[in-house]
Structure formats: structure tokens, C-alpha cells
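# Topology and contacts: notes
Next come the chains, spelled out residue by residue.
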Amino acid sequence: MTRRDGILFVVSAPSGAGKTTLCTAITDSLENLTHSISSTTRKPRPGEVDGRDYYFVSEERFREMKLAGDFAEHAVVHSNHYGTSKRVLLDMIKEGVDVILDIDTQGARQIKDHCNTAVFIFIMPPSMAILEERLRNRRSDREDDIRKRMQRAVDEIRDFGLYDYIVVNRDFERALSELRSIVVAERCRTKLMKVNWIEELLK
Ligand code: 5GP
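The following refers to the structure shown. (Residues numbered from 1 in each chain as written. Predicted model: local features only at pLDDT ≥ 70, side-chain atom pairs only at ≥ 80, totals over all residues. Heavy atoms only, no water.)

### With respect to the overall build of the protein chain
For clarity, the threshold we go by: For the purposes of this entry, the term helix denotes a DSSP run of H or I that reaches at least four residues, the term strand denotes a run of E that reaches at least two, and both are numbered from the N terminus. Based on C-alpha atoms, the radius of gyration is set beside the globule rule, defined as 2.2 Å times the residue count to the power 0.38. Only protein chains enter the calculation, and the probe is 1.4 Å; a residue is then buried if its accessible area is under 20% of its type maximum, exposed if over 50%, and partly exposed in between. Contacts are assigned to residue pairs that have any heavy atoms within 4.5 Å of one another. Each accessible area is a Shrake-Rupley result for a 1.4 Å probe, and residues are judged covered by the shown protein chains and nothing else.
In terms of regular secondary structure, the protein chain is built from 8 helices and 9 strands. For 203 residues, the compact-globule formula gives about 17 Å, and the C-alpha radius of gyration of the protein chain, at 18 Å, lands near that figure. When its C-alpha atoms are laid out on the principal axes, the protein chain stretches across 65 × 40 × 30 Å. In the protein chain, buried positions account for 43% of the 203 residues. Contacts spanning at least 24 positions in sequence make up 69% of the contacts within the protein chain whose residues lie at least 6 apart. Split by element, the accessible area of the protein chain, about 11,700 Å² in all, is 51% carbon and sulfur.

Right under this line is the structure:
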């Protein structure tokens, strides 16, 4: 018997804040925590694998899925569509598995409207200058791209009030430890517990 339903951890950050690396590291380091695989119309980047990083789908397929009500949330980011499968989330929650949703602030807002037990975490860069430096060091981004990402970062950071926690990613190990502490503490919340196992304990 599971002691509680799975928890949704919604994690957002501006591009370049180190969110993907942190999300991979935390799912690797904690049991019973997985990350949801989104569908996207974006083309795969070198090294990305369909079904592991994303489900890469056509615009038409995405539209069909949207019309069928398959998504718990969906959004357009940098002109590409992204969406999270409703069915996968519901299955995980029912099985008591915690899920990380690495999604943007538009998607976070939609989850907030429908799920009052989800936990919202924002990964903050230490400064805008460091964020820009990290984007430039990626080298794959062109100048106009960097400018667009910086503008978008400002807009996303302005949405910080939506989130329950802010983790500043200045030092990776420290940010990971803070993220892990949030997950571990949220797992112990009384209000999420199914009471029957406590009743069993008292028999
Ligand atoms: P990237 O294309 O660089 O992997 O992701 C771009 C942005 O889209 C990131 O901020 C990422 O969190 C966001 N994203 C990825 N999957 C989803 C999703 O299913 N829904 C929403 N709303 N955003 C997503």
C-alpha cells in the first residue's frame, strides 16, 4: 500500500540557469522520483533521443493530441510547442511515484490552476551577467538568440511569485542539495499522507 499519492514537482528556470542538469542529477540521486517526458514539435538536438529526452512529434500530431485533451498543460516556447501527458502524470500519482515537470512558467501556471498539491520550484541564476555568460559559453546560440533568451529570462524571473521555492544555482552541489532537501521535506507532509496506514499502525 502506498502511504501517499505521488507529488508533482514543477521546476522552471530561464534557459542557461542549469535546470536540466539539476533535474537529471536529482532524479538520479533519489529513489521513487522520475521526470516526465514532454512531447515537442522542436527538432531533436545532437545527442537527444526520442522517448528519453522528449517525444519528438510533428505539428499535426501535436494538434491532434491537444484536441484529444491529452495534455495536462501545453505551451509555445521559442516558437515550438511543448506539452505534458495527462495520462502519464495521473498514472504516476496513483502509483505513489513523484514526478519532476521541467516546464516553463506558462505551463507552471496551468498546473497551478488544476493541482493544489503540486510543489513549485524556480531555479534562479546568481545574476543576469552570469546567466548571459553561461548562454555565451554554450556557443551553439547566435547573438540574436542570446538577446531573445535574455529578454525571455527577465519575463520568466518576473513570474517568481508563482513558485513555492527559489533555488539559486551559483554552486551546483549546493543547488542540488537544496533541491534534494525540498523534495525530501515535501515527501513528509502530513496533508499528503493516506491515513489508512497510520490507522493500521495503531491496531
Ligand atoms: P528546450 O527546448 O531547450 O529543451 O526547452 C525549452 C523550454 O521549454 C524549457 O524552459 C523547458 O522547461 C520548456 N519545456 C519543456 N517541456 C515542456 C512542457 O512539456 N511544457 C512546457 N510548458 N514547457 C516545457
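Here the narrative resumes, following the displayed structure.
### So, the environment of Ile-157
Considering the arrangement of structural elements, one finds Ile-157 in helix H6 (residues 143-157). In this structure Ile-157 comes out as buried when scored by relative accessible area, which is 16%. Taking C-alpha positions, Ile-157 is 9.3 Å from Ile-123, a pair spaced 34 residues apart along the chain. Discounting chain neighbours no more than four positions away, the residues touching Ile-157 are Pro-14, Phe-122, Met-124, Pro-125 and Met-128.

### With respect to the site of the ligand
Applied cut-off: The criterion for a residue being near a molecule or strand is simple. One of its heavy atoms has to lie within 4 Å of it. Here a polar contact means two N or O atoms within 3.5 Å. Within protein one must be a hydrogen donor candidate and the other an acceptor candidate, and residues neighboring in sequence count only if both atoms are side-chain atoms. Detection works on a 1 Å grid of protein atoms alone, calling trapped sets that fit a 1.4 Å probe cavities and calling open sets with protein on both sides within 12 Å along at least five of seven lines pockets, with lining residues defined by an atom within 4 Å of a point. Cavities and pockets are treated as containing a molecule whenever more than half of the molecule's atoms lie within 2 Å of their grid points.
Neighbouring the ligand are 15 residues, the closest being Lys-19, Ser-38, Arg-42, Tyr-54 and Tyr-82. Arg-45 is positioned with one of its side-chain polar atoms (N or O) 3.0 Å from an oxygen atom of the ligand. Within the side chain of Tyr-82, an N or O atom sits 2.4 Å from an oxygen atom of the ligand. Burial of the ligand by the surrounding chains reaches 88%, relative to a free accessible area of 510 Å². Counting atoms within 2 Å of the grid points, the majority share of the ligand lands in the largest pocket.

Geometric descriptors of this kind do not, in isolation, establish any biological role.
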